Number of protein chains: 2
Amino acid sequence: MRIAELSRRTDVSTATIKYYTREGLLPAGERSAHNQTAYSDAHVARLRLVRALLGTGGLSVAAAKQVLAAIDDDDLPVGSMLGRVQSAIAQSPVPPSEASIAAVRAMLERHGWSNCGDTPGVATCAAVLDRLGELGRDDLAGMLDRYADSVLAIAEHDIAMTVADAPDRTRMAETVAVGSVLGDAAIAGLRQIAQAHVVRLHEERSEGDRA
Amino acid sequence: MRIAELSRRTDVSTATIKYYTREGLLPAGERSAHNQTAYSDAHVARLRLVRALLGTGGLSVAAAKQVLAAIDDDDLPVGSMLGRVQSAIAQSPVPPSEASIAAVRAMLERHGWSNCGDTPGVATCAAVLDRLGELGRDDLAGMLDRYADSVLAIAEHDIAMTVADAPDRTRMAETVAVGSVLGDAAIAGLRQIAQAHVVRLHEERSEGDRA
C-alpha cells in the first residue's frame with residue numbers, strides 16, 4: 001500500500017509516519033519500480049505498536065526505540081527481554097542519590113524481595129524518594145512499603161499473562177512490552193477511578209451519619 | 001537570592017528556570033532597585049515541585065501547569081482538587097472510542113465502582129483498551145479486572161495519606177498532587193521490581209525441581 005493508505009488505516013499523519021521512519025521507529029517502505037514507496041501489513045502493525053508506546057504509554061522516542069529493538073532481537077531470551085524493556089522505560093532524567101537507593105534496598109529487604117536490588121525499578125523508586133526529600137515531604141516516603149503487597153499481586157498477574165503466551169517467543173515479547181507500558185497506563189487510570197470511589201464512599205458514609 | 005543561587009540550590013539550569021518562568025510554571029522574581037531579579041525560598045520550593053512533576057513524574061508542561069493552578073486555587077475544596085489534578089494527568093492525546101468507554105463502565109459495574117463512571121481515569125483505561133484492540137491483543141484487556149482489587153487497596157492508602165494532612169488545606173493539596181504524580185512513578189518502579197521478583201522465584205523453583 002502507499003503511504004496515504006498506511007496513514008488512513010492507522011490514523012497517523014503522513015508527516016508523522018515520515019518522522020517515525022527517520023527516527024528508526026518504523027522500517028522504511030519498499031521502493032517500487034515507479035519510484036513509489038510501498039508499505040505492508042507489517043508496517044500497519046508496527047505503527048500501531050509505536051502509537052501505543054508513545055501515545056497512551058507515554059514513552060519518549062528514545063525509550064520506544066529501545067523497547068522495539070528488544071522485541072526485534074530474536075536471540076534474546078524472554079527473561080532478558082523483560083530487563084531490557086524495564087531499563088528503557090525506567091530511564092530517569094536525574095540519577096538518584098546513593099542514600100535513596102539504599103533506602104529502597106532496605107524496603108525490598110523488609111518485603112523479602114532482596115533478590116531484586118539490582119533491577120531498573122530501584123532507580124525509579126529512589127528518584128521518587130529524592131523528590132519527596134527535596135519537597136520536605138519525607139512523611140510520604142512510606143508509600144513504597146504501603147503499596148508493596150498490592151503491587152506484588154499485580155506483578156503475579158503480569159507474569160501469568162506472559163507465561164500464557166509460551167512458547168511463541170514473538171508473542172511473549174509483545175506481551176511483555178505492551179503489558180509493561182499499557183499496564184502502567186491502565187494502573188494509573190484505575191488508581192484515579194478507585195481514589196474517586198473511596199472519596200465518594202467516605203462522603204456517602206458521613207452524609208449517612210448526619211441523616 | 002539571585003538566579004544563580006536559585007539554580008545552584010535546585011540543580012536546575014538558569015536557562016531552564018527562565019523557560020519555566022516564560023511557560024508560567026514559576027512566578028517571575030521581584031525586580032530589585034539595581035535592575036536585578038530577586039528570588040525567594042518560595043521559588044526554591046516551587047521549582048522543586050515543578051521538577052518533581054515534570055522529571056520523575058513525567059508530566060507534560062501543559063499538565064504540570066494545570067496541576068499547579070489547582071494547588072494555588074485556595075477556594076477549591078480538596079475533593080474538587082483531586083478531580084482537577086486527575087483531569088490534568090489523564091489528558092489523552094487521542095479521545096477513546098465509545099465502545100471502550102462502555103467496556104470500562106461495565107468493568108466498574110462488576111467491581112461495585114459504578115459511582116465513578118464519569119471520572120477522568122475512565123478515558124485513560126478506555127484508551128488502553130483501544131490500543132489493545134488495534135494491536136489485535138484483546139486477550140490482554142482482562143488486565144483491568146485482574147488489577148482492580150489491588151489498585152483499590154492502593155487507593156485506600158492514598159486517601160488515608162491525604163486525610164492525615166487535614167485540616168491544612170495547602171498541605172492536603174500538595175499531598176494530592178505529589179501523591180498522584182510521584183505515586184504513579186513509585187507504583188511503576190515497584191511493579192518492575194515485583195515482576196523481576198516473581199520471575200526469579202519461578203526460576204529458583206524450577207531449578208529446585210531439576211536438582
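Because the structure is predicted, anything quoted here is derived from the model rather than measured. (Residues numbered from 1 in each chain as written. Chains lettered and ligands numbered in written order. Predicted model: local features only at pLDDT ≥ 70, side-chain atom pairs only at ≥ 80, totals over all residues. Heavy atoms only, no water.)

## Topic: the overall build of chain A
Operational definition: Secondary structure elements follow DSSP: runs of H or I no shorter than four residues count as helices, runs of E no shorter than two count as strands, and numbering proceeds from the N terminus. Put simply, the radius of gyration uses C-alpha atoms, and a globule should come to 2.2 Å times the residue count raised to 0.38. Categorising residues by exposure relies on relative accessible area from a 1.4 Å probe, with only protein chains included: less than 20% of the type maximum marks a residue as buried, more than 50% marks it as exposed, and the intermediate range marks it as partly exposed. It only takes one pair of heavy atoms within 4.5 Å for two residues to be counted as in contact. Computed by Shrake-Rupley with a 1.4 Å probe, the accessible areas treat only the displayed protein chains as cover when residues are assessed. Counted as positive: Lys and Arg. Counted as negative: Asp and Glu, with His and the chain ends omitted from the count. Charge coordinates come from a single atom per side chain, which is NZ of Lys, CZ of Arg, CG of Asp or CD of Glu.
When helices and strands are tallied, chain A shows nine helices and two strands. Listed N to C, the secondary structure of chain A is α-α-β-β-α-α-α-α-α-α-α in terms of helices and strands. Here chain A has a C-alpha radius of gyration of 21 Å; the compact-globule value for 211 residues is 17 Å, and the former is much larger. Overall, chain A is about 75 × 50 × 40 Å in size when its C-alpha atoms are taken along their principal axes. Within the span of chain A, comprising 211 residues, buried residues form 48% of the whole. Once local pairs closer than 6 in sequence are excluded, the contacts in chain A between residues at least 24 apart make up 58%. Accessible surface, chain A: about 9500 Å² in total, of which carbon and sulfur atoms supply 52%. Looking at chain A, you have 22 positive and 28 negative side-chain charges, and the mean spots of the two groups are 8 Å apart.

## Observations concerning the interface of chain A and chain B
Rules: Defined here as a combined quantity, buried area equals the accessible surface (1.4 Å probe) lost by two parts on assembly, summed across both. Salt bridges, as used here, are contacts in which a Lys or Arg side-chain nitrogen is within 4 Å of a carboxyl oxygen on Asp or Glu. For the purposes of these results, a polar contact is taken to be a pair of N or O atoms within 3.5 Å, where, inside protein, one atom must be able to donate a hydrogen and its partner to accept one; residues adjacent in sequence count only when each atom of the pair is a side-chain atom.
The interface of chain A with chain B comprises 79 residues on the first partner and 80 residues on the second. Here chain A packs against chain B, burying approximately 7400 Å² in sum over the two surfaces, 68% of which is carbon and sulfur. Where chain A touches chain B, the interface holds 12 salt bridges. On the surface where chain A and chain B come into contact, there are 36 residue pairs in polar contact (both at pLDDT 80 or more).

## Remarks on the relation of the copies chain A and chain B
We apply this condition: Superposition of the copies used a least-squares fit over C-alpha atoms from residues whose pLDDT is at least 70 in both.
For the match of chain A to chain B, the screw axis carries a shift of 0.0 Å, the RMSD comes to 0.0 Å, and the turn is 180°. The operation mapping one copy onto its partner corresponds to a two-fold rotation axis. By C-alpha distance to the rotation axis, the residue of chain A lying nearest is A:S150, at 2.4 Å. A shared binding surface is used by both copies, with 100% of the interface residues of chain A retained as interface residues in chain B.

## What about the packing of aromatic side chains?
All names here are of chain B. To keep things clear, this is the line we draw: Pairing of aromatic side chains requires ring centres within 6.5 Å, counting the rings of Phe and Tyr and the six-membered ring of Trp. Pairs whose planes differ by under 30 degrees are stacked, by over 60 edge-to-face, and all others tilted.
A complete count under the given rule lists two aromatic pairs over all chains for this structure. Ring geometry for Y19 and Y20: centres 6.0 Å apart, planes at 45°, overall tilted. Classification of Y19 by relative accessible area gives partly exposed; the value is 33%. A relative accessible area of 11% places Y20 in the buried class.

## Some details on the side chain of B:R51
Considering the arrangement of structural elements, one finds B:R51 in helix 3 (residues 41–56). Under the relative-accessibility criterion, B:R51 is labelled buried at 12%. Here the side chain of B:R51 touches A:E134 through a polar contact of 3.1 Å, side chain to side chain. Look past the residues within four positions of B:R51 in its chain and what remains in contact with it is A:V94, A:R131, A:E134, B:T10, B:D11, B:V12 and B:T56.

## Some remarks on the packing of helix 9 (residues 169–210) of chain A against helix 9 (residues 169–210) of chain B
Operational definition: Between the N-to-C directions of two axes lies an angle of 0 to 180 degrees, each axis being a line fitted to C-alpha atoms and, for a helix, fitted only over the stretch in contact. Angle categories: roughly parallel below 35 degrees, roughly antiparallel above 145, roughly perpendicular from 65 to 115, and oblique for all the rest. Crossings are sorted by hand: turned counterclockwise from the far helix by less than a right angle, the near helix makes the crossing left-handed, and turned clockwise it makes it right-handed.
Their axes nearest at 10 Å, the elements helix 9 of chain A and helix 9 of chain B cross at an angle of 135°. Put simply, helix 9 of chain A runs oblique to helix 9 of chain B. Judged by the sense of rotation from one axis to the other, the crossing of helix 9 of chain A with helix 9 of chain B is right-handed. Contact with helix 9 of chain A, carried on its side by A:G179, A:S180, A:G183, A:D184, A:I187, A:A188, A:R191 and A:Q195, involves B:G179, B:S180, B:G183, B:D184, B:I187, B:A188, B:R191 and B:Q195 of helix 9 of chain B and no other residues of that element.

## Observations regarding helix 6 (residues 98–110) of chain A
For the record, the criterion: For a helix, the expected span equals 1.5 Å multiplied by the residue count minus one. Taking the helix axis as origin, the arc is that swept by the directions to the C-beta atoms.
In this model, helix 6 of chain A (13 residues) spans 19 Å end to end at C-alpha, consistent with the 18 Å of a helix rising 1.5 Å per residue. Looking only at helix 6 of chain A, the buried set comprises A:S100, A:I101, A:V104, A:M107 and A:L108. One side of helix 6 of chain A holds all its buried residues, which, seen down the axis, span an arc of 120°. Turned more than 90 degrees off the buried face of helix 6 of chain A, the exposed positions are A:E98, A:A99, A:E109 and A:R110. Its buried side turned inward, helix 6 of chain A meets helix 7 (121–134) and helix 8 (143–163) of chain A together with helix 9 of chain B. Backbone geometry just after helix 6 of chain A places A:G112 at a positive phi near 75°.

## Some points on the pattern of salt bridges
As enumerated under the stated definition, the model contains 26 salt bridges over all chains in all. Notably, a salt bridge pairs B:D118 with A:R200, separated by 3.3 Å at the nearest N-O pair. Separated into two different chains, B:D118 in the loop between helix 6 (98–110) and helix 7 (121–134) and A:R200 in helix 9 make up a pair that spans both. For B:D118, a relative accessible area of 59% gives the class exposed. The network of salt bridges with common partners includes A:R137, A:D139, B:R171 and B:E174.

## Here we look at helix 9 of chain B
Residues and elements named next belong to chain B. Counted only if it meets this: The seven residues ending at a residue and the seven starting there each receive a fitted axis; the angle between those axes is the bend at that residue.
With 42 residues, helix 9 extends 59 Å between its outermost C-alpha atoms, agreeing within 8% with the 62 Å of an ideal straight helix rising 1.5 Å per residue. At G183, helix 9 is deflected by roughly 30°, the largest bend along its length. The backbone nitrogen of R171 has a side-chain oxygen 3.2 Å away, supplied by the residue at the start of helix 9, namely D168.

## Re the nonpolar core
Stated precisely, the cut-off is as follows: Buried residues of nine kinds, namely Ala, Val, Leu, Ile, Met, Phe, Trp, Tyr and Cys, make up a nonpolar core once their side-chain atoms join them within 4.5 Å.
Judged by nonpolar contacts, the single largest core of 136 residues is most densely connected at A:V104 and B:V104. Contact partners of B:V104, with chain neighbours within four places excluded, come to A:I193, B:V122, B:C125, B:A126, B:L129 and B:L144.

## Quick word on the confidence of the model for chain A
All names here are of chain A. This is how the line gets drawn: Known as pLDDT, the predictor's per-residue confidence is scaled from 0 to 100.
Per-residue pLDDT for chain A averages 89, and the proportion of residues at 70 or more is 98%. The least confident element of chain A, judged by mean pLDDT, is helix 5 (residues 78–90) at 82; the most confident is helix 6 at 96. This complex was scored by the predictor with a pTM of 0.86 and an ipTM of 0.86.

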